[in-house]
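Letter by letter, the chains look like this.
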Amino acid sequence: MIPCNSVRFGQPSRAATALVCLVLADTTLAVRAADGATATASSSSEGSEAGGAVDGNRFSVERASAWKGRTSAGRWWWQVEFERTRHVGAILQVSGDQAFVFRNAPLQFVWQRSADGTHWSDLPETATTNERRLFRIHRLARAVEARFLRLNIAAAAGAFPTLREVEFYSDPQQPIGFPDWIVVVNTTQDATLPGHGQEFIPLAKSCPGWTQLQSQQICLDTFDEDFLGAEPRPLCGFLSGNFRDWCQVNRESWRGSQEILRHKHLPMWASCGGAQGLAILAETGVDRPWDCPHCRDPLKPRTPIYTHIGHTAARPCGDYSGCVFERGLHWVRTLADDPVFQNLPREFQVMENHCGQIEWPPVGWRLIATAGEGTKTQTQCLRMNDRPIYAAQFHIEMGGAPETSKQLMGNFLVLAKAWGGYSRYLTGPRRPVAQPAANPATD
Ligand SMILES: [Zn+2]
Ligand SMILES: [Zn+2]
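A. Just the coordination of the zinc ion (ligand 1), in detail. With distances of 2.2 to 2.4 Å, the protein atoms coordinating the zinc ion (ligand 1) are Cys247 (SG), Cys292 (SG), Cys295 (SG) and Cys317 (SG). Metal-centred angles of 103 to 119° between the four donor atoms at the zinc ion (ligand 1) mark the site as tetrahedral. One chain supplies every donor to the zinc ion (ligand 1), and in sequence these donors are spaced C-x44-C-x2-C-x21-C. Here Cys295, found in the loop between α4 (273-283) and β13 (306-308), pairs with Cys317, found in the loop between β13 and β14 (326-334); they are 22 residues apart in sequence, far enough to count as distant. Residue Cys295 is classed as partly exposed on the basis of its relative accessible area of 38%.

What follows is the structure in structure tokens.
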């Protein structure tokens, strides 16, 4: 992002004036023309005036760098008046007042254009009824002429809408540069965000070359192809662990994950319960009932790919007090020269925290790491054969083995980038993903 050279604030009204960064239609070289434009809004909260959304700072959540509508106003609008009529073909919108969680953001909205600031017409391609994305690029079918553009907001997620940044592009097809960003899924049944699994974010950003990485954390219910497929598209996804046993989980909340797993467009890394979830989705799916080792009918097992390490006493479902656990640092041993293990020794220590385990690789997957010395759980890391999709029993996102975790994370991010990130829309030949060597444990 190239910031505007000059931004003027300090006007007494809500009508903070700013120079909007505009991108010329006839170039893809990030040449920008500064055009005088005035940003205004229906209301603003103290210190977060309309100009904050066009200050050239895309991601800052600082008060002065974003526009925030007044709390509980019910309806809001934010608009820009260009110095002269111009073409608009695409709009980049960065929403919300938290760096990686969608909150206090426009939920239901449409962009409108006007020649006179009085008569408005909708840009129907931008109409959104239930926004979930922090980062959104709207592309129009054809460029339109506008002297004024307005974001008309009918509902906010939270008490008020926040616009961190808005950028306008003349050509609907214009490539819009955007930094790599990751999706982090809280797979617990607790929908609180930020929540479980957010530890993936600082780990990823700590890897050399990834300090500018952006992210969004979402709940399991939000994780689906619609979420991923909108521009700008994510680099990869991470699935957290979870706590309930599988017979007690709402299977419907995993339907989007199942869709994503079947389509295989998104590079993924899943830890512990997230990895078990992927194995169950691959083997059983959400349309058939799931059980757990405590309620399993040995004659009619429902999810036999999932077991517990062992038991010292019989307990009801979800009560793990009679289960054998594996916790803390444990040795794992790689079985294949998978690129995700690059620069790691054949055996290394990782953090474990589980009593459940995956019994075998689902069809289309292979075991690439198993138990090292003193470790009970044999299935330590699975890899989908033809994709950078990994299911690990251990936790790279937990503290305890920081250098190993950083190496694994860095290797995975490089693989995801080489793959092309979320790749549904890629055409033509793609760089093949290095295949692990033959696997004696499963072949
Ligand atoms: Zn059960
Ligand atoms: Zn158990």
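Here the narrative resumes, following the displayed structure.
B. Quick look at the pairing of strand β10 (residues 214-219). Along β10, six of the six residues are buried, which leaves the element largely enclosed by surrounding structure. Burial along β10 is two-sided: the face carrying Gln214, Gln216 and Ile218 and the face carrying Ser215, Gln217 and Cys219 are both buried. As judged from the six bridges shared by strand β9 (residues 181-186) and β10, these two strands associate in the parallel manner. Across the sheet, residue Val183 finds its bridge partner in β10, namely Gln216. Since β9 and β10 lie parallel, the crossover through helix α1 (residues 200-205) that links them has a hand, and here it is right-handed.

C. Spatial organisation of the nonpolar core. The biggest cluster of nonpolar side chains holds 48 residues, and the ones touching the most others in it are Phe223 and Trp254. For this core, the element with the highest residue contribution is α4, accounting for five residues. If you count residues domain by domain, this core takes at least three from each of domain 1 (17-169) and domain 2 (181-419). One finds Ile182, Val340, Phe341 and Val350 within the second-largest nonpolar core, a separate group that totals 35 residues.

D. Focus on the environment of Asp386. Inspection of the secondary structure assignment puts Asp386 in the loop between β18 (381-384) and β19 (389-392). Among the residues examined, Asp386 registers a relative accessible area of 34% and is labelled partly exposed. Measuring from C-alpha to C-alpha, the distance between Asp386 and Trp365 comes to 8.5 Å, with 21 residues separating the pair along the chain. Among the polar contacts made by the side chain of Asp386, one reaches the side chain of Lys264 at a distance of 3.3 Å. A distance of 3.4 Å separates a polar atom in the side chain of Asp386 from a polar atom in the side chain of Arg387.

E. Representation of the coordination of the zinc ion (ligand 2) within the structure. Around the zinc ion (ligand 2), the protein contributes the donor atoms His294 (NE2), His308 (ND1), His311 (NE2) and Cys323 (SG), at 1.9 to 2.3 Å from the metal centre. Sequence spacing among the residues donating to the zinc ion (ligand 2) works out to H-x13-H-x2-H-x11-C. Here His294, found in the loop between α4 and β13, pairs with His311, found in the loop between β13 and β14; they are 17 residues apart in sequence, far enough to count as distant. A residue is classified by how much of its surface remains accessible, and His311, at 40% relative accessible area, is partly exposed.

What counts as what
Residues numbered from 1 in each chain as written. Chains lettered and ligands numbered in written order. Predicted model: local features only at pLDDT ≥ 70, side-chain atom pairs only at ≥ 80, totals over all residues. Heavy atoms only, no water. Donors = N, O, S within 2.8 Å, 3.2 Å for Na, K, Ca; no water. Tetrahedral: all angles 85-135°; square planar, octahedral: opposite > 155°, others 65-115°. Helix = DSSP H or I, 4+ residues; strand = E, 2+ residues; numbered from the N terminus. Buried < 20%, exposed > 50% of the residue type's maximum accessible area, 1.4 Å probe, protein only. Pairing = 2+ DSSP bridges. Right-handed = clockwise from strand over helix to strand, strands pointing away. Core = buried A, V, L, I, M, F, W, Y, C linked by side-chain atoms within 4.5 Å. Domains from an automatic or database assignment. Polar contact = N/O pair within 3.5 Å; in protein donor to acceptor, adjacent residues only side chain to side chain.

Note that all results are geometric; they support no functional claim without further evidence.
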